[in-house]
Each structure stands twice: as C-alpha cells, then as structure tokens.
Amino acid sequence: MRGRWATIIRWTGLGLVLAVGGTGAWAQAADVVWQAATAAYDAGNYQNALTSFQDFAEQFPDDERADVAAYRAAQSLGQLERYPEAANAFAQLAETYPNSRYADGARFNRGHYFFLAEQWQNAAAAYFDYTKLGTKPDLKAKAWFWRAEALYSLDRYPDAALAYQSFLDQPAEVLAAGDTRDLVAYGQLGLGLSQFGAEQWTPALAAFRAYLADNADGPAADQAAFFAAESQAHLDQTDAAVAAWAKLVDDQPASEYAPRALLRIAEVEGARGRVTQAEAATARLARDYPGQAQAAGAQRFELAYQQLQAKEWATAERLYREALVGADAEQQAIGQLGLAEAQFGAQQWAAAAATYRQLLADHPTHANAPTARARLAEALLHDEQFAASEAVGREYLQLSPDGADAAVVRYNLAYAILQQDRAQEAMTLFSEVVDANPAAASAAPLLLEMGRFGLESQRWADATRAYELYLQHHADAPGALNARWGLGQAAEGAGDQAAAIAAYYYLRRPRTPGGGAGASAAAHARQLRTPAVRLADATAYGLSGSLWTRDVGRALRVSRAVRAGNLSVNSHSAVRYATPFGGYG
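Being a predicted model, the structure only gives us computed values, none of them experimental. (Residues numbered from 1 in each chain as written. Predicted model: local features only at pLDDT ≥ 70, side-chain atom pairs only at ≥ 80, totals over all residues. Heavy atoms only, no water.)

A word on the overall build of the protein. Across its full length, the protein holds 29 helices and four strands. Put simply, 45% of the contacts in the protein that link residues at least 6 apart link residues at least 24 apart. Element-wise, carbon and sulfur atoms account for 51% of the exposed surface of the protein, whose accessible area totals about 29,800 Å². (Helix = DSSP H or I, 4+ residues; strand = E, 2+ residues; numbered from the N terminus. Contact = heavy atoms within 4.5 Å. Areas by Shrake-Rupley, 256 points an atom, 1.4 Å probe, with all protein chains shown as cover.)

Two elements in contact, helix H20 (residues 369–382) and helix H21 (residues 386–399), have axes separated by 8 Å at closest approach and are oriented at 160 degrees. The orientation of H20 with respect to H21, classified from their angle, is roughly antiparallel. For the crossing formed where H20 meets H21, the hand is left-handed. Where H20 approaches H21, its residues Pro 370, Arg 373, Ala 374, Leu 376, Ala 377, Leu 380 and Leu 381 are matched on the opposing element by Phe 386, Ala 388, Ser 389, Val 392, Gly 393, Glu 395, Tyr 396 and Leu 399. The residue inventory of the contact of H20 with H21, partitioned by class, reads 11 nonpolar, two polar and two charged. (Axes fitted to C-alpha atoms, helices over the stretch in contact; angles between N-to-C directions. Parallel < 35°, antiparallel > 145°, perpendicular 65-115°, else oblique. Left-handed = near helix turned anticlockwise from the far one by under 90°. Nonpolar A, V, L, I, M, F, W, Y, C, P; charged D, E, K, R; others polar.)

Volume-wise, the second largest pocket comes out at about 270 Å³. As for the second largest pocket, its lining consists of Leu 205, Arg 209, Leu 212, Ala 225, Ala 228, Ala 229, Gln 232, Ala 244, Lys 247, Leu 248, Asp 251 and Gln 252. Of all the elements in the fold, those that place two or more residues in the lining of the second largest pocket are helix H11 (201–214), helix H12 (221–234) and helix H13 (238–251). When its residues are assigned to classes, the lining of the second largest pocket shows seven nonpolar, two polar and three charged. (1 Å grid on protein atoms, 1.4 Å probe; cavity = no way out; pocket = protein on both sides within 12 Å on 5 of 7 lines; lining within 4 Å. Points joined across faces, edges and corners; volume = space filled by probe spheres on them.)

The biggest cluster of nonpolar side chains holds 59 residues, and the ones touching the most others in it are Phe 53, Phe 56, Phe 60, Leu 93 and Phe 167. Setting aside chain neighbours within four positions, we find Phe 60 in contact with Trp 26, Ala 29, Ala 30, Val 33, Asp 55 and Ala 66. (Core = buried A, V, L, I, M, F, W, Y, C linked by side-chain atoms within 4.5 Å. Buried < 20%, exposed > 50% of the residue type's maximum accessible area, 1.4 Å probe, protein only.)

Considering the arrangement of structural elements, one finds Ser 231 in helix H12. Dropping the residues within four chain positions of it, Ser 231 is found in contact with Phe 196, Trp 201, Ala 204, Leu 205 and Phe 208.

Here helix H14 (residues 257–271) contains 15 residues, and its C-alpha end-to-end distance of 21 Å stays within 8% of the 21 Å for a straight helix at 1.5 Å per residue. With 11 of its 15 residues buried, H14 lies for the most part within the structure. Tyr 257, Ala 258, Pro 259, Ala 261, Leu 262, Arg 264, Ile 265, Ala 266, Val 268, Glu 269 and Gly 270 are the residues of H14 that are buried. Of the surrounding elements, those touching the buried residues of H14 are H12, H13, helix H15 (275–288) and helix H16 (293–309). (Expected span 1.5 Å × (residues − 1).)

Turning to the packing of aromatic side chains, a few remarks are in order. In this description, a pair of aromatic rings is defined by centroid distance and the angle of the planes. Overall, the coordinates contain 27 aromatic pairs when judged by the stated rule. Between Tyr 71 and Phe 90 the ring centres are 5.2 Å apart and the planes differ by 70 degrees, which places this aromatic pair in the edge-to-face class. Linking Tyr 71 in helix H3 (residues 66–79) with Phe 90 in helix H4 (residues 83–96), this pair joins segments that are 19 residues apart in sequence. Across the pair, Phe 90 and Tyr 71 agree in class, each one buried. Plain terms: the ring middles of Phe 226 and Phe 227 are 5.2 Å apart, the flat faces sit at 85 degrees to each other, and that makes the pair edge-to-face. (Phe/Tyr/Trp six-rings, centres within 6.5 Å; stacked < 30°, edge-to-face > 60°.)

On to the side chain of Arg 147. Note that Arg 147 resides in helix H7 (residues 137–153). Despite its burial, Arg 147 pairs with no opposite charge; the closest candidate is Asp 159, at 6.0 Å N-O. The contact partners of Arg 147, leaving out residues within four places of it in the chain, are Ala 124, Ala 125, Tyr 127, Phe 128 and Ala 163. (Lys, Arg positive; Asp, Glu negative; His and termini not counted. Salt bridge = Lys/Arg side-chain N within 4 Å of Asp/Glu carboxyl O.)

It is possible for side chains of opposite charge to pair when their charged atoms get near one another. Applying the stated criterion across every chain, the model contains 28 salt bridges. As a salt-bridge pair, Asp 31 and Arg 65 come within 2.9 Å of each other at their nearest N and O atoms. Residue Asp 31 is located in helix H1 (residues 23–42), and its partner Arg 65 is located in the loop between helix H2 (46–59) and H3; the two are separated by 34 residues in the primary sequence. Each member of the salt-bridge network shares a partner with another, and the members are Asp 239, Glu 269, Arg 272 and Arg 274.

Between its terminal C-alpha atoms helix H5 (residues 103–116) stretches 20 Å, which fits the 20 Å expected from 14 residues at 1.5 Å a residue. The buried fraction of H5 amounts to 10 of the 14 residues, a majority that puts the element mostly inside the structure. Turning to H5, its buried residues number three or more, namely Ala 103, Asp 104, Gly 105, Ala 106, Phe 108, Asn 109, Gly 111, Tyr 113, Phe 114 and Phe 115. Those residues of H5 that are buried are in contact with H3, H4, helix H6 (120–133) and H7. Looking one or two residues beyond H5, the residue adopting positive phi is Glu 118, at roughly 60 degrees.

Another aspect to go through is the environment of Thr 315. Topologically, Thr 315 is positioned in helix H17 (residues 313–324). A relative accessible area of 23% places Thr 315 in the partly exposed class. Ignoring anything within four residues of it in the chain, the contact list for Thr 315 reads Val 275 and Gln 307.

Here we come to unusual backbone geometry. Unlike most non-glycine residues, Glu 118 shows phi in positive territory, near 60 degrees. Looking at the element boundaries, Glu 118 is found in the loop between H5 and H6. We note that Asp 421 has phi near 65 degrees; this positive angle belongs to a residue other than glycine. Following the sequence through the fold, Asp 421 ends up in the loop between helix H22 (406–418) and helix H23 (423–435).

Here we take up the pairing of strand S4 (residues 566–569). Burial along S4 is one-sided: the residues Asn 566 and Ser 568 are buried and none of Leu 567 and Val 569 is. Bridging between strand S3 (residues 544–547) and S4 involves four bridges; their strand directions are parallel. Bridge pairing in S4 places Gly 545 opposite Leu 567. (Pairing = 2+ DSSP bridges.)

Overall, the predicted model of the protein reaches an average pLDDT of 86, with 86% of residues at or above 70. Across residues 1–22, confidence stays below pLDDT 50; counting only partners more than four residues off in sequence or on other chains, it has 39 contacts. Per-residue pLDDT stays below 50 along residues 511–522; that stretch engages in 17 contacts with residues further than four places along the chain or on separate chains. (pLDDT = per-residue confidence, 0-100.)

A word on the environment of Phe 53. With respect to the secondary-structure elements, Phe 53 resides in helix H2. Overall, Phe 53 belongs to the buried group, its relative accessible area being 0%. C-alpha separation for the pair Phe 53 and Ala 70, spaced 17 residues apart in sequence, amounts to 6.6 Å.

Running from N to C, H3 and H4 point in directions that differ by 165 degrees, and their axes come no closer than 7 Å. Judged by the inter-axis angle, H3 sits roughly antiparallel to H4. For the pair H3 and H4, the crossing hand works out as left-handed. Only Tyr 83, Glu 85, Ala 86, Ala 89, Phe 90 and Leu 93 of H4 make contact with H3, whose side of the interface consists of Asp 67, Ala 70, Tyr 71, Ala 74, Gln 75, Leu 77 and Gly 78. Here the contact of H3 with H4 is built from residues that sort into nine nonpolar, two polar and two charged.

If you want it as structure tokens, here you go:
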C-alpha cells in the first residue's frame, strides 16, 4: 500500500526493512531494496538477488529502475540454471516494458535461455521472433545462427540449412565485427552438415569445401574433410572419397575422424569387392587405434559377409576364420554361422556340418541356433547322411515347430525319409506342409518337389495330386510348365496314356508359360501314340476303322499311320457304298 504515511514492510536479502513516512521515505525504501539486491547479485548470491529484484519490480513498478530490476531478476534465474523460467522472465520483461532499453536484449535472451534449456522448438521460435522484431544487426545475425543450431538439434535439416544461409547472408561488416566473426566458420560448417543431413549432397560438398578454403587449419577442418568425402561417396565419386579419407588419416592421424575415415574406407572398398584394400584399412584401424579394436573386428565380419553375399566362398571362408580370432561370444556365434554358410556354398558338406555342430555346441541358446540346426540338417542331407539329417530335422521341429525354417526343414526331412525307402511316411510329411495352405507362395516350390518325389518313388497318384494342386493355385507361376510335364509323366507312369497325351499336347499351346517344352512334349506324345497305332494294326482285319478326335491335323496324321482300307473320323462306317472301297494289304 502506498501513501503519505504508508508503512512498508518487505523482506529483502538483508533482513526486514521498515520505512515510515511520505514520498521521500518511499524512495529511501526503494534504494535500500535496490542496494541489497545489487549487493547480493555482485556477491554471486543469486537466490537473494532474485528475491530482492523481484520484490523491487513488484513494489516499485514506477521506479525508473523497475525494468532493470526485472532484467536482473531474469539474469539471476539464468545464473541459478533455471533456464525456462529465465526465458519466460525475459519474455515478460519485453512485454511489460516494450520501450525499455533492455527490451531488445530481453527478446534475444529469451531464445538464449530456451536454448540452454534444450527446448529447441521454443528457442528456434524465439530467435526467429528476434530476427523480425530485434533492432541490433549483430544480434539479428546471431539470432539466425542460433536458430539454425536449434533447428539442427531438432533434425530439421532443410530448415536449419536455410537459417545458416540467412546468417551467412548478413552484411559483411556485421559478420566481421566482434564475436560474430567467430561464428562464421561454424556457420559454414553447420550449413554443410545441415545440407548433408537433408541429403543435399552437392551443396553440402560445396559448403564443406568453402569452410576448408577459409579454415584449412580450423578446429573443425578434420570434420569438414570427413563429411566432404562422405558427400562425394553419396555422389558416387567413390575414388575421390576414398582418396580424401586416406589423406585425412595421413595428415591428421590424431583426429577423432581418422579412425572413422579408415572404417569408411574398409566399408566402401569391401562393398565394391576390393578385398585387399578393405583388409588393409581394417588392419590399420586395429593396429593404429587400439580403442577401435571392436569396430575393426565388426568390420572384418562385415567384409566376410559381403564376400558371402557375392558368393566368393573361399574368400568369405578365409575372412571369417581371420575375424573369429579374438572375437567375443556374440561375434563368435555370428562368425561361425557365416563360416558354415561359406563352406555350405562351396559344397563342402562335411566341413559345413562340422561348423554348424560347433556353433550349436558353443552357443546352444543363441538366436542363430535354430538357423544353424536347419542348415545342419540340409548339409547332412547333401552329404547323404540321411539318418543323421532326419534326426537333426526332427530335433529342429521339436524345438522350433513354428520357426522361420520349419517348412524347409519338413521338406528336407521328407526327402531324408524318402531316401531311406519310407515313401509313404515322406509323402505324409509333405502333405502336412502343403495342405495347411496350398495357395501360399511358399507352398509352390514344395508342391513341385512333392510331385518330383512322387515320380521318383513311382507314387503316381501322389505326384498327380501335387501337380494338380500346383496348377490350381499357382497356374501363372513359372513352375506351371514343370507341373504340366509332371502330370504327363505321372499319367504315363500310371498307364493312363490318354491323360499323358493330353498333358503333353497342352504344353504345345502358345499360352503355356515358357513354351520351351512344346517340341519335346509333342515328340513324347507321338511316342505314346505309337503303341495305340500298333494296337489298332494288331488284327487280321483291315477293311475299315474309326478314329475319334477333335484335332483335324491329328486325324490326318493317325489315319495315314493306321493300316486300314477306310478310316472314319468321329463316326463308324461313314463310307458311301457307291464309292470304291477295299482292305489293306
């Protein structure tokens, strides 16, 4: 309460102040509070300073120092690391005292303290406001820079790049003045990194080169050189990128980016099949940077895997063996599987089986164990160890009945059982695989194999069923041609020559996928037709005969082959008695 005889009681940092009197007493009280607040601030007692300055601004809002008190209160909050409160206090100051000489700085500091609080969105917005409302050119330039930094922290790389560019586009005299000058190099680097993050490779490369041109010995020259090379790699300038990384390693071996550059050389060279260069980079990484031994080991495995994918089996096997030396347990499990796969690809069935077994013995509960068990069953199958393959396959299905390789394991199990002369059991297992969902894409190859098994074991009905299911659900798939041919083989094996001929001749139709079996199918059908012709001729009578078909061309061919005086097509004795006729002989 304010008046001529007002009594004012306020708690300050120094204690209780009692002032009795009129306007002069009021001014005296304000001075006491101000002095106490200033003394606390100067002494670093920011909590007391905060309380006193807040009290001053509240109790003496008309004092000419009220805006200064609000400013110092906000600064005290910042010193106490209460950054969001400080930002909001500066915002309140600018709103309460818009004409104060402190208002402009308050608007800028609002962004500063949001930035310190890592409230990037609020910081970016506050700095943008300053670029529109601020009056000081140097602070406007800084606002663009720090807005860019906040946007970069938000992973808003295109927006950050625009803000960095706005900073760099400020008047030259502004950028050259005071501590703003120190931000220019970081602005160039930030522009490049933001464009890199936005996958704008060409402008990013230009920005990094601009930084290096102006700051060849700058504190971030190694970072700029590294990412310039990364940009070149993304632009498919692979040779230039590798050369730039190598130069960085040679020129600045102590840089934190030197081991990263070696790792990237190994990755890039490995990806393009230059194994020697990749191995050399990996070896140097392990030798010169002991702290990167784990990364070097992981890169050896990656290089081995790349060779595995390229089906360079011998190289992959060698690399996996080298990588396994000194590897930790996790890498051992991964590397053993890779080594076994390389041996499997090279058709070293016994060696692959031994490696799969070693993996299962060393890491029975590892995530790779089910895959190793499935592949072990297949390796044993290729090695014609059918009983052992069956045992491993059954073990897989017991431990992982719904595993990713279950369908393949069942197929291999069926084949192993078939090779042990247990055809009925094999076919039953095959049926379990395909009957669950014969229309599934994964069932298509199994149906073809089931049909093949049926043919091999002379189980014609099973083969026919498999091929018919395939054609019912996968008629447009590439294997349809094989299924048609298989149907003919099954019908021929079952003695149903009519069905066999129909299946083979179907293959001659233009709509048959592939069309490659047309001639051989027709020839096979003709071979099947010969016994029928011989059967027709196996009689003492040759006066007349009849032929039933829808194919006029076939009628003409067969009629010429059958030894009969007259041959009617699709009828009996269609001979007119008025015309001459006779027998054959």
